[in-house]
Protein chains: 2
Amino acid sequence: MRVRVDLNISLDGFATSEGSTPESPMGPDWERLTGAYVATRTFRRRVFGDESGAGTVGVDDAYAARYFEGIGAEVMGAGMFGLHHFPDDPEWRGWWGDAPPFHYPVIVLTHRRTGDLDFSDGTSFHFRDLSARDALDVARDLAKGADVRVGGGPSTVRQFLREGLVDSLHVAIAPIILGRGVNLWSGLRDVTRDFTVHSEVAESGTVHVTWSRDSIL
Amino acid sequence: MRVRVDLNISLDGFATSEGSTPESPMGPDWERLTGAYVATRTFRRRVFGDESGAGTVGVDDAYAARYFEGIGAEVMGAGMFGLHHFPDDPEWRGWWGDAPPFHYPVIVLTHRRTGDLDFSDGTSFHFRDLSARDALDVARDLAKGADVRVGGGPSTVRQFLREGLVDSLHVAIAPIILGRGVNLWSGLRDVTRDFTVHSEVAESGTVHVTWSRDSIL
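Residues numbered from 1 in each chain as written. Chains lettered and ligands numbered in written order. Predicted model: local features only at pLDDT ≥ 70, side-chain atom pairs only at ≥ 80, totals over all residues. Heavy atoms only, no water.

**Student:** Even after reading the chapter, I still don't get the nonpolar core, so can you show me in this structure?
**Tutor:** Nonpolar side chains tend toward joint burial in soluble globular proteins. With 68 residues, the main nonpolar core has Trp 185 of chain A together with Trp 185 of chain B as its most contacted residues. Discounting residues that sit within four places of it in the chain, Trp 185 of chain A has contacts with Ile 9, Gly 13, Leu 169, Val 171 and Trp 211 of chain A together with Leu 11, Asp 12 and Ile 177 of chain B. (Core = buried A, V, L, I, M, F, W, Y, C linked by side-chain atoms within 4.5 Å. Buried < 20%, exposed > 50% of the residue type's maximum accessible area, 1.4 Å probe, protein only. Contact = heavy atoms within 4.5 Å.)

Here's what the structure looks like:
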């Protein structure tokens, strides 16, 4: 059982951009940041429900396939679910509408909402006001031996990294300089120092860097 | 004639570390940042004068060889020459002692010192109080048709990038999170947007990213 993170970031470390709105939740730079990932066959099938076989099938797609593989539960911040934009709407069901791509339980860290939200296809959202460590304990139980993902956003990921709770960190780095947004790396000096690193360049120009703990004690 | 930059940075964009002293001019993180570069056969020969053939000969060495190739003159900031640490020592001849590795004219941007310093092996230092643009004009004349390097440090490079004066930017990215120092990317949103990008991973784990203007108008 490992705690895993995958994020799309720019070469200067920005994981989301400024200018987020309810209509454009990820901000105007989002497409540039995630374009290579969204173009993969796996993303198109899993997130858009596109079964036509369209999409790229190279290195980016291999990482996209691994993204959901072996995950049994997820923890995410309130902003990733959309609670910063829709704090008082009890009908809000997340950015993904009626077909969230998770198909497993998701803990949403928030003090603004409580209870659970169940979808028929295996996805469930559990709104909890928990510390990072306690949230992982709950997620581990729900994952039944599979891995747990810390999904995002970047501030949430940073908190888990800072507390040493992440076993595997994969960043898909778009070779662009965004210069604004939330920087994943702030305050994380040497957070991956004892990890094994593997780097690989995709056909799209995206640089995939993965740090993993050699062993989990 | 192109204006080129090569820098060693950490994955979070830091090009030098804090804690610089006269004894350890690049600070305590310098070895971690440049270890793969310093280990190459080219660096050992060119900078240390090691003619034994020792050193790595893979992807990092290919970039090291290109580092000096085709350069006819260089512009550097006062700090890179050491003038921040030795502002009032007219005998100071730079960090490289009696055998600087350049073998071409180098413009040092400073208002603290004037005049020239010549070495017998082709290196000369010219202390000038010039704008970025004017320094390039002088360097272009000295380069006699060859390329001009903007050598560093990162603040100097950033200034040339911000003014759109760089044609080729190569960063050798060590997969470490330094979290402190001078960040190359600050204030440079989309500085490479119209450039062609090429990425490559070396055996050492260093990620080489190179942006080039397609054509120079």
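**Student:** Would you mind going over the packing of helix H2 (residues 41-48) of chain B against helix H3 (residues 59-68) of chain B with me for this structure?
**Tutor:** All names here are of chain B. H3 packs onto H2 with a crossing angle of 35° between their chain directions and a minimal axis gap of 7 Å. In contact with Arg 41, Thr 42 and Arg 46 of H2, H3 contributes Asp 61, Ala 64, Ala 65 and Phe 68. Residues that form the contact of H2 with H3 fall into these classes: three nonpolar, one polar and three charged. (Axes fitted to C-alpha atoms, helices over the stretch in contact; angles between N-to-C directions. Helix = DSSP H or I, 4+ residues; strand = E, 2+ residues; numbered from the N terminus. Nonpolar A, V, L, I, M, F, W, Y, C, P; charged D, E, K, R; others polar.)

**Student:** Explain the environment of Asp 98 of chain B here, please?
**Tutor:** All names here are of chain B. Tracing the backbone shows Asp 98 in the loop between helix H4 (78-81) and strand S4 (105-109). Spatially, the C-alpha atoms of Asp 98 and Asp 121 are 9.9 Å apart, while their sequence positions differ by 23 residues. One polar contact links Asp 98 to Arg 93, side chain to side chain, over a distance of 3.3 Å. (Polar contact = N/O pair within 3.5 Å; in protein donor to acceptor, adjacent residues only side chain to side chain.)

**Student:** Sorry, what's going on with the sheet that holds strand S8 (residues 168-174) of chain A here?
**Tutor:** Residues and elements named next belong to chain A. The nine strands are arranged S5-S6-S4-S3-S7-S1-S8-S11-S10 in an open sheet whose pairing can be described as mixed. This sheet does not close on itself; its edge strands, each paired only once, are strand S5 (115-118) and strand S10 (196-201). Between one strand axis and the next, the sheet turns through 20° on average, direction left out of account. Of the strand pairs in this sheet, S8 and strand S11 (residues 207-212) are connected by six bridges, and their pairing is antiparallel. Bridged to His 170 within S11 is Thr 210. Here helix H5 (residues 132-143) sits on the sheet and contacts strand S1 (3-10), strand S3 (71-77), strand S4 (105-109), strand S6 (124-128) and strand S7 (147-152); the angle it forms with S3, its principal contact strand, is near 155°. Sheet contacts for helix H6 (residues 154-162): S1, S3, S4, S7 and S8; angle to S7, the most-contacted strand, approximately 130°. (Pairing = 2+ DSSP bridges.)

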